[in-house]
Amino acid sequence: MSQQPIGVVGAGTMGQGIAQVLVTSGFDVKLYDVSDDQLGRARAAIDKGLAKLVAKDKMGEGDREAALSRLDTTTALDALRDCEVIIEAAPEQPALKEKLFGDLSRLTHEAILASNTSSLSLTRLAAVCERPERVVGMHFFNPVPVLKLVEVIRAEQTSDATVARIEALAESLGKTAVPVGDSPGFAVNRLLVPMINEAAFLVQEGAATPEAIDQAMKLGAAHPLGPLALADLIGLDVCLAIMEVLQEGFGDPKYRPCPLLKRMVAAGYLGRKSGRGFHVYE
Ligand SMILES: NC(=O)c1ccc[n+]([C@@H]2O[C@H](COP(=O)([O-])OP(=O)(O)OC[C@H]3O[C@@H](n4cnc5c(N)ncnc54)[C@H](O)[C@@H]3O)[C@@H](O)[C@H]2O)c1
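All of these numbers come straight from a predicted model, not from anything done at the bench.

A. View of the overall build of the protein chain. Check the secondary structure of the protein chain and you find eleven helices and eight strands. Taken over the C-alpha trace, the protein chain has a radius of gyration of 19 Å; the compact-globule value for 282 residues is 19 Å, and the two agree within 12%. Expressed as lengths along the three principal axes of its C-alpha atoms, the size of the protein chain is roughly 55 × 45 × 30 Å. By residue count, 48% of the 282 residues in the protein chain fall in the buried class. Summed over all atoms, the accessible surface of the protein chain reaches about 13300 Å², with 54% contributed by carbon and sulfur. Placing the 29 positive and 36 negative side-chain charges of the protein chain at their respective mean positions leaves the two points 3 Å apart.

This is how it looks when you write it as C-alpha cells:
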C-alpha cells in the first residue's frame, strides 16, 4: 500500500467517486477543488456513499470511520506537493486542464499526473508538462464506486513505468485496467456514443420511439439499459460534446452529431439531471 497520499483534483461527480474508492481501498487522499463549498458537498457525498456500504453490510462502521479519516480536503494546490499520484477530474475544458497540468508538473517533479478526461488528447496535455513521461490517462466510469473499468491511456510521451504504476493502482482499487491508445473517444466512448447518436437519428426520422429503441436493445442485444436511457443518464450535453470531439478528431462525416440531439441540448433537455431528455423524469 502506498505510503504517500494520492491527490485528486476536482471534487465534482467523478472526483468524489474516485476519492471514495481510494479511501475505501486504504489510501490517504488529498482532494483539491477551487470551491470550498464544493469540497463540503463532496465530503458529505462520500460520507453518504460509505454509509450505503455499511447499510448493505459491505463495510463495517469502524472501517467507514477509518476511510473518512483518510480524506483530507484543500483549496491549496500546494498541498498536493507530496502526493505519489495526482488524478485530475476537473471540468472538460482544454485550456483549464492545460493550465492545471503545467502548474502540477512544476509543483512536483515526482508525482504521476493522471487525467480522467473523457475525450481530450493526453499527448497534448503531456506536452505542456515538465517530465511528460509521467502523464497518463486514467479514465474511470460513472458511478465510480460501481463500474469496474479504468481505461489506461498512453500518451506518446508516457513511459512504461507510468503505465505499470497506474495499472497496479487501478487493480488495487478493485478495477480492471484496459490499455487504450490516445485516440479520440478512446475505446468505450468511441463505440458507445455513436450508437447513442444513431438512436437519436432513429427518433428524428420517426422510425422508432425512444421506448421502442431502448426495449429493442435490451431484449435484442442484452444491454442492461437502452441507449437513450443511458444517454439521459450520461447527460445529452456530454454525449454531444463527445460526438463533436470524434467529428473534429477524425474529420469523418460518420461522426456528425444528430441535429435532434443538438436541438435537445439547446432546449436544456439534458436528460436525468434536467428532468427531461429522451425520457421524462419525475
Ligand atoms: N461525469 C461523467 O460521467 C464522467 C465520466 C468519465 C470521465 N469524466 C471526466 O471527468 C472530469 C470531471 O467531470 P465531472 O463530471 O466530475 O465534472 P463536475 O463538473 O461534476 O466537477 C468538476 C469539479 O472541478 C472543479 N473545478 C473547476 N475548476 C477547477 C480547477 N481549476 N481546479 C480544480 N478543480 C476545478 C469544480 O468546482 C467541480 O467541483 C471531466 O474531464 C470529464 O470529462 C466524466
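B. Focus on the domain arrangement of the protein chain. Per the domain assignment, the segments of the protein chain are domain 1 (6–181) and domain 2 (189–274). In this structure, domain 1 and domain 2 have C-alpha centres spaced 28 Å apart.

C. Local environment of the environment of Met 59. Tracing the backbone through its elements, the reader meets Met 59 in the loop between α2 (36–55) and α3 (61–69). With 77 residues separating them in the primary sequence, Met 59 and Val 136 have C-alpha atoms 31 Å apart. Not counting residues up to four positions away in its chain, the partners in contact with Met 59 are Thr 24, Leu 50, Leu 53, Val 54, Arg 64 and Ala 67.

D. Representation of the UniProt feature "site: Important for catalytic activity" (unreviewed entry) in the protein chain within the structure. Under the UniProt annotation, the feature "site: Important for catalytic activity" (unreviewed entry) is placed at His 139. Judged by relative accessible area, His 139 falls into the buried class, the value being 3%. Ignoring sequence-local partners within four residues, the contact set of His 139 consists of Ser 115, Asn 116, Thr 117, Ser 118, Leu 149, Val 150, Glu 151, Ile 153, Phe 186 and Asn 189.

E. Structural detail: the pairing of strand β1 (residues 6–9). Both faces of β1 are covered, namely the face carrying Ile 6 and Val 8 and the face carrying Gly 7 and Val 9. Pairing between β1 and strand β2 (residues 29–32): four bridges, direction parallel. Across the sheet, Ile 6 pairs through a bridge with Val 29, a residue of β2. Note on the crossover from β1 through helix α1 (residues 13–24) to β2: the handedness is right-handed. By the bridge criterion, four bridges tie β1 to strand β4 (residues 85–88) in an arrangement that is parallel. When the bridges of β4 are listed, Ile 6 appears paired with Val 85.

F. View of the sheet that holds strand β3 (residues 71–74). With mixed pairing, eight strands are arranged side by side in an open sheet as β3-β2-β1-β4-β5-β6-β7-β8. If you trace the sheet from one side to the other, it starts and ends with β3 and β8 (176–181), each paired once. Going from strand to strand, the sheet's axes swing by 25° on average, the running direction of each strand aside. In terms of strand pairing, strand β7 (residues 149–154) meets β8 through six bridges, oriented parallel. What sits directly across from Ile 153, in β8, is Val 180.

G. Structural detail: unusual backbone geometry. The residue after Asn 142, namely Pro 143, is reached through a cis peptide bond having omega 0°. Relative to the elements of secondary structure, Pro 143 occurs in the loop between β6 (135–140) and β7. With a phi angle near 65°, Asp 57 is a residue other than glycine that sits in the positive phi range. For Asp 57, the position within the fold is in the loop between α2 and α3. Asp 57 gets classed as exposed once you look at its relative accessible area, which sits at 72%. For Phe 186, which is not glycine, the phi torsion reads 50° and is therefore positive.

Scoring rules and cut-offs
- Residues numbered from 1 in each chain as written.
- Predicted model: local features only at pLDDT ≥ 70, side-chain atom pairs only at ≥ 80, totals over all residues.
- Heavy atoms only, no water.
- Helix = DSSP H or I, 4+ residues; strand = E, 2+ residues; numbered from the N terminus.
- Rg over C-alpha atoms; globule rule 2.2 N^0.38 Å.
- Buried < 20%, exposed > 50% of the residue type's maximum accessible area, 1.4 Å probe, protein only.
- Areas by Shrake-Rupley, 256 points an atom, 1.4 Å probe, with all protein chains shown as cover.
- Lys, Arg positive; Asp, Glu negative; His and termini not counted.
- Charge placed at Lys NZ, Arg CZ, Asp CG, Glu CD.
- Domains from an automatic or database assignment.
- Contact = heavy atoms within 4.5 Å.
- UniProt positions renumbered as here; feature names shortened; annotations may be inferred.
- Pairing = 2+ DSSP bridges.
- Right-handed = clockwise from strand over helix to strand, strands pointing away.
- Axes fitted to C-alpha atoms, helices over the stretch in contact; angles between N-to-C directions.

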